Amino acid sequence: MAGASVKVAVRVRPFNARETSRQAKCVIQMQGNTTCITNPKLAKDATKHFTFDYSYWSHTSVKDPHFASQRRVYQDIGEEMLLHAFEGYNVCVLAYGQTGAGKSYTMMGRQEAGQQGIIPQLCEDLFTRVSREGSPDLTFSVEVSYMEIYCERVRDLLNPKSRGGLRVREHPLMGPYVQDLSRLAVTSFEDIADLMDSGNKARTVAATNMNETSSRSHAVFTIVFSQRRHDRLTDLHTEKVSRISLVDLAGSERADASGAKGMRLKEGANINKSLTTLGKVISALAEAVSLGGVSPPTFGTSGPDPSPPSYADRTKQIRCHAVINEDPNARLIRELRQEVTRLRELLCAQGLA
Amino acid sequence: LQRCDTEIGVGVLCEIFLDLGLKMVNHLQPEEGALCYKDGNPPLDPSEHFMAEEEKLTDQERSKRFEKAYTHTLYYLAQVYQHLEMIEKAAQYCHTTLKRQLEYCGYYPVEWALNAATLSQYYLTKECFMESRHCLAAASVIFSQAGQVPSAEDNETEQDQQDLRQRKAEIARCWIKYCLNLLQSARKLLEDNIGELDLDRQLELKAQRKKEEDEKEKGRKKAVLFGTSDICDSVLAMEEKVSSVYPLDFQEAREIFLVGQNYVQEAKEFFQVDGYVTDHIEIVQDHSALFKVLAFFEEDYERRCKMHKRRIDMLEPIYADLNPQYYLLISRQLQFELADTYYEMMDLKVAIGNRLEELDSHTIKKINSLAQLAIKYYELFLDSLRNPDKVFPEELEEDVLRPAMVAKFHIARLYGKLITSDSKKQLENMQTSLEYYTFLVDYCEKYPDAVRAVETELELSKEMVGLLPTRMERLRAKLCPFI
């Protein structure tokens, strides 16, 4: 397998009702894996070209031979992922874009024929392969977790009744993990489909406004895939465990836009009326001047918190994680300079001898 | 925006000012918004204009509401200044807002304490240690009020207790930063151009401090102090436990160090490795930094060495148990710090040895062993840069460029410092040293952009690359004179 690499795919969706009613013009064109964007307001330098690993033209419909279907996207991206997972590697796919861009459609899709997204298709193929390749000497087990990150809290979508958020803990050898996150064993695609379904429902009931939730929360569907092989010759048992992470990220319009000054003023000039946000303001003071390093990227919420904000994280922001700190080596430099001088004199003297 | 003197008018005007100010800010005109807020001392609550006579508020209630409105005004001003990027003014207003919360508004002890602790960290960035200490002392005092409130619901208790303990540990960490920053700032004032304590400067600063002691008292009275009278005494008591002036000698430094060390223990009680790897390690790194800066003040080389040994003892086990797959950056930081610390210890042993008539075999062994350990950790750091196929990158990424080059440079130097009576071994060491110096020279030739990251090191590497081969030639000639 080639060195760990990141592949990037871009997909363009059809117009929605609002865009159609406004007679919107499509400024995107795709050719092969190149995406072209044309700015209708500019006369010169109007079109910019970007090359990705995949450019999916899904603006039209199945009738268009150029159209990239859900199946096609899965075949390019999902199949390779599954292959790597069987090899024992961890794989991850992230869907990124603004609210309404179609991330959930690409990742989950809909129940109707031909509309299933990457996740259901991947699960289906997984079990097909498992039932085909399973033998007394090669056994598989599949477990799934489904969690939602919303307002800096982690919710278990497979056990949504649990009150409060789940804690994210760190283990020195096992790494970070979500404590008490349900990991349910599944033996068929139907099992997974049911869990995904109930998990998805748990997502939308989190707030009264459905759009609100999905636009601000991240959903992570994880498949823990274990393969146990028994070698008859040596009587050794080996196990390979891989994690398949399927992430539907929150609407990217929430991300910090470091753009024109005018834009930033507009966004940031909202004055918080409640003193409950005093902590946030104070935190931001020290961010401007770091204590000798780079501040960790903040993953904050924008907008009123429905629950008490996490203060611990706020004071954490102030303590910066420096990059590699080196001791100033002025003394070393001086000594080495002396050594150079000494060496020169020595060689000079030896040369004369 | 004319002044209005009547009782009724002022109250309404205040609300209008507040409103206008808010609107102006939201319409991209922050400067005018700031001006708008500066007036604000209204007696009548505007809602009262719509109340019947009997419903009107008591003077006490009225005054309470206006104080609250004024506090909010100050808070909005803080935000306006923040948007204008006038950070100092913003901090000032945050500070005053906090003060007023204590006095007038009612507050949640934990929330208030954390805000004060956070503000203290801001003051650290400005090296305002008196203000920082005051904020922290108040934070600790107010936080202890929280522990006294009995928890209402039983099923919340465990989580709440857990949260309380975490917040307490967070405040302890802020105190650690305070002590560390104070010591490090003092070091910057006292060190000479090779990082040693400058005795002349020490005398100078001590004399200067004597003069300033009177000025300090005046400064104290001007500062914005927290607390109603009952809190004041407790805050003062907390402040007296640690200095806010720069330590100028070992004794003074040690006192601050000990305060910091106590808070390290407190913070580690909650932030244990299992569960809080990143936090735990950062606390240990701070502990190591405390020892490092204390060592600066210690004159005796042996004692200094022992302090660095303490650093090794706390960092090495943690590094050994860390999975770099999940904690790559921390792993690299630890590798580098361990390497630098071993180097420092080796240097100290050499200095101690140089004072003796002759280096005895025990000291030589010690020096070599420390040098090898430094080399080991620099190599581990360099290994961490390799790709999954163990190949060292052709071109180094910006964030690791300098550390990688410095590691190579230090390894080169370390091979040059290994002591051996075996000439063959000496030649080998010189050859290795040469290879590492050559790496720097070659890399900078291939990637000229890298030069500015390692200018001094490159200059010296070039010298060594020029001199070492000749030196090695002569040595070889001495060994095999007939060839």
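Everything quoted here is computed from the prediction, not taken from an experiment.

## Some thoughts on the overall build of chain B
Part 1 of the argument: In terms of helices and strands, chain B carries 17 helices and 0 strands.
Part 2 of the argument: Looking at chain B residue by residue over its 483 residues, the buried ones come to 51%.
Part 3 of the argument: Counting contacts in chain B only where the partners sit at least 6 residues apart, residues at least 24 apart contribute 70% of the total.
Part 4 of the argument: Roughly 24,700 Å² of accessible area belongs to chain B as shown, and the carbon and sulfur atoms make up 50% of that amount.

## Quick notes on the overall build of chain A
Part 1 of the argument: Counting its secondary structure elements, chain A contains 10 helices and 13 strands.
Part 2 of the argument: Looking at chain A as a whole, 36% of its 353 residues qualify as buried.
Part 3 of the argument: Taking contacts inside chain A between residues at least 6 apart in sequence as the whole, the part at least 24 apart equals 63%.
Part 4 of the argument: With an accessible surface of roughly 20,500 Å², chain A has 54% of that area assigned to carbon and sulfur atoms.

## Description of the packing of aromatic side chains
All names here are of chain B.
Part 1 of the argument: For the structure shown, the criterion picks out 27 aromatic pairs over all chains.
Part 2 of the argument: Taking the centre distance of 6.1 Å and the plane angle of 80 degrees together, the rings of F392 and F439 count as edge-to-face. With F392 in the loop between helix 14 (361–383) and helix 15 (398–417) and F439 in helix 16 (residues 423–446), this residue pair connects regions lying 47 residues apart in the sequence.
Part 3 of the argument: Judged by its relative accessible area of 22%, F439 falls in the partly exposed class.
Part 4 of the argument: Here R355 stacks its cationic end above the ring of Y301, 4.3 Å away from the centre of that ring.
Part 5 of the argument: The ring of F392 carries K408 above its face, with NZ or CZ at 4.9 Å from the centroid.

## Considering the confidence of the model for chain A
Interpretation of this model should avoid reading the predicted coordinates in detail wherever pLDDT is low.
Residue and element names in this part refer to chain A.
Part 1 of the argument: Averaged over all residues, the pLDDT of chain A equals 79, while 78% of them reach at least 70.
Part 2 of the argument: Between the elements of chain A, mean pLDDT differs from a low of 34, seen in helix 7 (residues 261–268), to a high of 95, seen in strand 5 (residues 54–57).
Part 3 of the argument: Residue range residues 290–322 is modelled with pLDDT below 50. Its contacts to residues more than four positions away, or to other chains, number 68 contacts.

## Brief notes about the nonpolar core
Part 1 of the argument: In terms of nonpolar packing, the biggest core is built from 152 residues, with B:L119, B:Y178, B:Y378 and B:L396 touching the most fellow members.
Part 2 of the argument: When residues in this core are grouped by element, the largest group, 13 residues, is from helix 7 (residues 154–190) of chain B.
Part 3 of the argument: Once residues lying within four places of it in the same chain are set aside, the contact partners of B:Y178 are B:L124, B:F129, B:S132, B:R133, B:L136, B:V242, B:S243 and B:S244.
Part 4 of the argument: With 41 residues, the next largest nonpolar core counts A:Y74, A:M81, A:V144 and A:I244 among its residues.

## Observations regarding the sheet that holds strand 4 (residues 47–51) of chain A
Residues and elements named next belong to chain A.
Part 1 of the argument: Ordered in space as 2-3-4, the 3 strands form an open sheet in which the pairing is antiparallel. A single partner strand is all that each edge strand has here, and the edge strands are strand 2 (28–31) and strand 4. Direction aside, neighbouring strands of the sheet carry axes that sit 20 degrees apart on average.

## Points about the confidence of the model for chain B
Residue and element names in this part refer to chain B.
Part 1 of the argument: Looking at chain B as a whole, the pLDDT averages 86, with 83% of positions reaching at least 70.
Part 2 of the argument: Here helix 2 (residues 30–37) stands out as the least confident element of chain B, with mean pLDDT 45; helix 10 (residues 250–270) is the most confident, with 98.
Part 3 of the argument: Throughout residues 24–43 the model reports pLDDT below 50, and contacts reaching past four residues in sequence, or to other chains, amount to 47 contacts.
Part 4 of the argument: Prediction confidence for the complex, expressed as pTM and ipTM, is 0.81 and 0.79 respectively.

## Here we look at the interface of chain A and chain B
Part 1 of the argument: Opposite the 66 residues of chain A that make contact, chain B presents 86 residues.
Part 2 of the argument: Our enumeration of links across chain A and chain B arrives at 7 salt bridges.
Part 3 of the argument: Among the salt bridges present, the one from A:R331 reaches B:E196, with a minimum N-O distance of 2.7 Å.
Part 4 of the argument: Along the contact surface separating chain A from chain B lie 18 residue pairs in polar contact (both at pLDDT 80 or more).
Part 5 of the argument: Listed by contribution, the elements that provide at least two residues to the side of chain A that touches chain B are strand 9 (168–171), strand 10 (175–178), helix 7, helix 8 (278–287), helix 9 (311–318) and helix 10 (330–352) of chain A.
Part 6 of the argument: Ranked by the residues each element gives to the side of chain A that touches chain B, the list is headed by helix 10 of chain A, at 16 residues.
Part 7 of the argument: Of the residues that constitute the side of chain A that touches chain B, the class distribution is 32 nonpolar, 17 polar and 17 charged.

## A word on unusual backbone geometry
Part 1 of the argument: With phi around 55 degrees, A:Q23 is a residue other than glycine that occupies positive phi space.
Part 2 of the argument: Secondary-structure assignment places A:Q23 in the loop between helix 1 (17–21) and strand 2.
Part 3 of the argument: The backbone phi angle of B:E127 is positive, close to 60 degrees, even though this residue is not glycine.
Part 4 of the argument: Its location among the elements puts B:E127 in the loop between helix 5 (109–125) and helix 6 (129–148).

## Things to note about the side chain of B:N323
Part 1 of the argument: For B:N323, the position within the fold is in the loop between helix 12 (301–320) and helix 13 (328–355).
Part 2 of the argument: Only 2.8 Å separates the side chain of B:N323 from the backbone oxygen of A:L173, close enough to count as a polar contact.
Part 3 of the argument: Excluding anything up to four places from it in sequence, B:N323 contacts A:P172 and A:L173.

## Topic: helix 14 of chain B
Residue and element names in this part refer to chain B.
Part 1 of the argument: For helix 14, spanning 23 residues, the distance from its first C-alpha to its last is 32 Å, which sits close to the expected 33 Å at 1.5 Å a residue.
Part 2 of the argument: Taken together, the buried positions of helix 14 are T363, I367, N368, L370, A371, A374, I375, Y377, Y378, F381 and L382.
Part 3 of the argument: Residues of helix 14 that are buried in the fold lie against helix 12, helix 13 and helix 15.
Part 4 of the argument: A distance of 3.2 Å separates the backbone nitrogen of H362 from a side-chain oxygen at the start of helix 14, and that oxygen is part of D360.

## So, the packing of helix 11 (residues 277–297) of chain B against helix 13 of chain B
All names here are of chain B.
Part 1 of the argument: It is at 12 Å that the axes of helix 11 and helix 13 come closest, and there the two elements cross at 20 degrees. The orientation of helix 11 relative to helix 13 falls into the category roughly parallel. When the axes of helix 11 and helix 13 are compared, the crossing they make is left-handed. Between helix 11, through T278, I281, Q285 and S288, and helix 13, the contact on the second element is made entirely by I330, Q333, L334 and E337.

## Observations regarding the UniProt feature "binding site: ATP" (unreviewed entry) in chain A
Residues and elements named next belong to chain A.
Part 1 of the argument: As annotated by UniProt and renumbered to match this structure, "binding site: ATP" (unreviewed entry) occupies G97, Q98, T99, G100, A101, G102, K103 and S104.
Part 2 of the argument: Tracing the backbone shows G97 in the loop between strand 6 (91–95) and helix 3 (103–107).
Part 3 of the argument: The residue Q98 is located in the loop between strand 6 and helix 3 in this model.

## Focus: the pattern of salt bridges
Part 1 of the argument: Scanning the model with the defined rule gives 41 salt bridges over all chains in all.
Part 2 of the argument: One salt bridge in this structure joins A:R132 and A:E133, with 3.7 Å as the shortest N-O distance.
Part 3 of the argument: Each of A:R331, A:E335, B:E196, B:R304, B:E344, B:D347 and B:K417 takes part in salt bridges that share partners, so that together they form one network.

## Comments concerning the side chain of B:S461
Residue and element names in this part refer to chain B.
Part 1 of the argument: Examined against the element boundaries, S461 turns out to sit in helix 17 (residues 455–479).
Part 2 of the argument: The class for S461 is buried, based on a relative accessible area of 0%.
Part 3 of the argument: In contact with S461, other than residues within four places in its own chain, are F409, Y437, L440 and V441.

## Focus: the packing of helix 15 of chain B against helix 17 of chain B
Geometrically, a packed helix pair is captured by the angle between its two axes and the distance between the axes.
Residues and elements named next belong to chain B.
Part 1 of the argument: Relative orientation of the contacting elements helix 15 and helix 17 amounts to 30 degrees, with a least axis distance of 11 Å. The interaxial crossing formed by helix 15 with helix 17 has left-handed handedness. Residues R402, V406 and F409 of helix 15 touch helix 17, and the partners they reach there are E457, L460 and S461.
Part 2 of the argument: Class assignment of the residues belonging to the contact of helix 15 with helix 17 gives a composition of 3 nonpolar, 1 polar and 2 charged.

Rules used throughout
- Residues numbered from 1 in each chain as written.
- Chains lettered and ligands numbered in written order.
- Predicted model: local features only at pLDDT ≥ 70, side-chain atom pairs only at ≥ 80, totals over all residues.
- Heavy atoms only, no water.
- Helix = DSSP H or I, 4+ residues; strand = E, 2+ residues; numbered from the N terminus.
- Buried < 20%, exposed > 50% of the residue type's maximum accessible area, 1.4 Å probe, protein only.
- Contact = heavy atoms within 4.5 Å.
- Areas by Shrake-Rupley, 256 points an atom, 1.4 Å probe, with all protein chains shown as cover.
- Phe/Tyr/Trp six-rings, centres within 6.5 Å; stacked < 30°, edge-to-face > 60°.
- Lys NZ or Arg CZ within 6 Å of the ring centre and 35° of its normal.
- pLDDT = per-residue confidence, 0-100.
- Core = buried A, V, L, I, M, F, W, Y, C linked by side-chain atoms within 4.5 Å.
- Pairing = 2+ DSSP bridges.
- Axes fitted to C-alpha atoms, helices over the stretch in contact; angles between N-to-C directions.
- Salt bridge = Lys/Arg side-chain N within 4 Å of Asp/Glu carboxyl O.
- Polar contact = N/O pair within 3.5 Å; in protein donor to acceptor, adjacent residues only side chain to side chain.
- Nonpolar A, V, L, I, M, F, W, Y, C, P; charged D, E, K, R; others polar.
- Expected span 1.5 Å × (residues − 1).
- Parallel < 35°, antiparallel > 145°, perpendicular 65-115°, else oblique.
- Left-handed = near helix turned anticlockwise from the far one by under 90°.
- UniProt positions renumbered as here; feature names shortened; annotations may be inferred.

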